[in-house]
Amino acid sequence: MGEEVKNAEFTRAQRQEYRRKVHLCLDVFETMLGQSRFEFERPLTGMEIECNLVDSEYQPAMSNQEVLASIADPAYQTELGAYNIEFNVPPRPLPGRAALDLEDEVRLSLNAAETKASADGAHIVMVGILPTVMPEHLSGDWMSKSTRYQALNESIFTARGEDLSIDISGPERLSLQSASIAPESACTSMQLHLQVSPADFARSWNAAQVLAGPQLALGANSPYFFGHQLWAETRIELFTQATDTRPDELKAQGVRPRVWFGERWITSIFDLFEENVRYFPALLPELSDEDPVAELAAGRAPQLAELRLHNGTIYRWNRPVYDVVNGLPHLRVENRVLPAGPTVVDMMANAAFYYGLVRTLSEEDRPLWSRMSFAAARHNFIEGARNGLDARLYWPGVGEVTPDELVLRRLLPLAHDGLRRWGVAAEVCDRYLGVIEGRAKTGRTGSTWQVATVQDLQADGLTRPKALAEMLRRYVQRMHSNEPVHTWD
């Protein structure tokens, strides 16, 4: 959910002091990059899974407070919507059979959480956008009880000065106005973390940006919102529009959006934090008591609270993360591209594919981003989100290519090589990259399965809302089977 804040409203003096502290934190961070020892000798990976809650009719269940009380596990937290929860998977190293153990642990934890949630009449669903969420669900008490979320909502609308405009094209265009950031709550993702050294961060981030388009084409799982069939991964465009602080005039001036792919390849993690400070005004200007200069001078790792809080309100699809654990600072690339679901094994496969490719691409002597414009990477990102496996992607040395051909001929061998370099066991590679291969060969993702199932149900006479609910019922059955989505009938 991000760090909680104490205040929902802020004075002008607080905002002015917060800006000063953010700049001070940025200066200290720059010093640390040149002088401090960061933890990276044993690289760790982490995962966050955002989930939805539904009732017995597969409609959104606005009961996350009751469900979380029943689960009673600090790994589960609130998210923006009262029908959302988040599962934080403890970080761990990649080598050996660790991924197989992780798959078992995630399934056991989610099954236990489902059992406790069902006692409150709710069920957990992992999907990019809950297909049954409708406008009537996002009025009234839709928001989780959190000062952070209230403050975000107020700050975004204060900056905009008008209602949000949601306008998404696709097979069935959706256009509406929203008086709150409620549509953002429909977007649930899987976030992958990779701990890296300061020297390796830029190459890892650039590699992750290159991979965003193929990731989306292969992992799309949110074709419906408010009953309309939109993009293969509608979550990308919906999240962008649902948090936009810019009225039309600022868009026309080229002001950057809070949900941002970026605009250039980087040479240091400092580039990203410096852009955050230079381009984006504060949304949550809450002040800490820390003096980061004094902390660093005393030989301690400063928390850089203002810089981290500010970073948490700029929604890059590959976000830089600074954190301090057990007194040691570390850096992470947080990959926010992928939707949740459809199954645990599908998410593990997506993770293995990503980690393997980041390792290989970041270590190439002549990296892909030296042969590819940033605009081409962004085009691939939008194209993968809009069209899924029907996308046309640009790839250096190949030209325009379909995702299945790119995956089968180019990316899978590179992913295998990267996992081998991580020291991942052969059986892990075969299990998870076999799932990726299956998706590429069958052309079946969570998104294509949802669309085909709804179309069949409507052809049998069901209305769209009933077809979506019945599709979701079948989806949940298959989600619990943990059979990968490319094998679903």
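In the nomenclature of an unreviewed UniProt entry, the protein corresponds to Gamma-glutamyl:cysteine ligase YbdK (ATP-grasp superfamily) from the organism Mycolicibacterium frederiksbergense.

Our next topic: the overall build of the protein. Helix and strand counts for the protein come out as 16 helices and 15 strands. On C-alpha atoms alone, the protein measures out to a radius of gyration of 22 Å, which is about the 23 Å that the 2.2 N^0.38 rule sets for 489 residues. Each of the three principal axes of the protein carries a C-alpha extent, and together these read 70 × 50 × 45 Å. Looking at the protein residue by residue over its 489 residues, the buried ones come to 61%.

As enumerated under the stated definition, the model contains 33 salt bridges in all. A salt bridge links aspartate 101 to arginine 97; the shortest N-O distance between them is 3.8 Å. The exposure class of aspartate 101 is partly exposed, given its relative accessible area of 37%. One salt bridge in this structure joins arginine 173 and aspartate 167, with 2.5 Å as the shortest N-O distance.

So, on to the environment of valine 255. If you trace the backbone, valine 255 turns up in the loop between helix H7 (248–252) and strand S10 (259–260). Measuring from C-alpha to C-alpha, the distance between valine 255 and arginine 316 comes to 15 Å, with 61 residues separating the pair along the chain.

You can see asparagine 52 is positioned in strand S1 (residues 45–54). We classify asparagine 52 as buried; its relative accessible area is 0%. At 3.3 Å, the side chain of asparagine 52 forms a polar contact with the side chain of asparagine 84. Engagement of the side chain of asparagine 52 in a polar contact is seen with the side chain of threonine 188, the distance being 3.2 Å. Those residues in contact with asparagine 52 that sit more than four places away from it in its chain are Tyr83, Asn84, His123, Ile124, Val125, Val127, Leu130 and Thr188.

Our next topic: the state of the cysteines. Applying the stated criterion to the full structure yields 0 disulfides. Distance from the sulfur of cysteine 187, which forms no disulfide, to the nearest cysteine sulfur (cysteine 51) is 15 Å. On the accessibility criterion, cysteine 187 (11% relative accessible area) is buried.

As for its position among the elements, glutamate 334 is in strand S13 (residues 328–335). The residues touching glutamate 334, leaving out its near neighbours within four places in the chain, are Glu48, Gln191, Leu192, His193, Trp317, Asn318, Arg319 and Val321.

Definitions and cut-offs
Residues numbered from 1 in each chain as written. Predicted model: local features only at pLDDT ≥ 70, side-chain atom pairs only at ≥ 80, totals over all residues. Heavy atoms only, no water. Helix = DSSP H or I, 4+ residues; strand = E, 2+ residues; numbered from the N terminus. Rg over C-alpha atoms; globule rule 2.2 N^0.38 Å. Buried < 20%, exposed > 50% of the residue type's maximum accessible area, 1.4 Å probe, protein only. Salt bridge = Lys/Arg side-chain N within 4 Å of Asp/Glu carboxyl O. Polar contact = N/O pair within 3.5 Å; in protein donor to acceptor, adjacent residues only side chain to side chain. Contact = heavy atoms within 4.5 Å. Disulfide = S-S within 2.5 Å.

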